[in-house]
Amino acid sequence: METNFNREQEDFELQKIASKKVVKLKAFYTHVIFYVAGLILYILKDYFGLPLNIFPVQYLNGFVMCIWTTAFVVSAIDIFASLKIFGEEWEERKMKSILEKKEKKQKWE
């Protein structure tokens, strides 16, 4: 009975981690869409000379695009490098370690 509870608890924790990953990926893909749209508008405005003087587009310049590109690259590295370095195997080992420590603590209390 106790092992079934532990398995359910472990599954719940893994589901929480997976849910957080999905939320981060969704936010990243939304960022990709806005970044590509901003990049296209910036290129049209600065390199092709289109008069795009509507509110947010009028402030797109090289400095803003440099900062936005840096933020985009950092975001991509954060998501994809962390998925490579801290992959599923690492998460499972860490989760088991945490649950084992919790079980040992509960047994001795």
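Residues numbered from 1 in each chain as written. Predicted model: local features only at pLDDT ≥ 70, side-chain atom pairs only at ≥ 80, totals over all residues. Heavy atoms only, no water.

In this section: the packing of aromatic side chains. In this structure the tally under the stated criterion is six aromatic pairs. Judged by centre distance (5.3 Å) and plane angle (85°), the rings of Phe28 and Phe80 are edge-to-face. Taken together, the residues Phe28 in helix H1 (residues 2-46) and Phe80 in helix H2 (residues 62-85) connect sequence positions 52 residues apart. By relative accessible area, Phe28 is classed as buried at 6%. We classify Phe80 as partly exposed; its relative accessible area is 36%. For the ring pair Tyr35 and Trp68, a centre distance of 5.5 Å and an interplane angle of 85° mean the geometry is edge-to-face. On the criterion of sequence distance, the pair formed by Tyr35 in helix H1 and Trp68 in helix H2 is long-range, its members being 33 residues apart. (Phe/Tyr/Trp six-rings, centres within 6.5 Å; stacked < 30°, edge-to-face > 60°. Helix = DSSP H or I, 4+ residues; strand = E, 2+ residues; numbered from the N terminus. Buried < 20%, exposed > 50% of the residue type's maximum accessible area, 1.4 Å probe, protein only.)

Per-residue confidence for the chain averages 80 on the pLDDT scale, and 87% of its residues sit at or above 70. Considering each helix and strand of the chain separately, the mean pLDDT is smallest for helix H3 (residues 88-108), with a value of 71, and largest for H2, with 86. (pLDDT = per-residue confidence, 0-100.)

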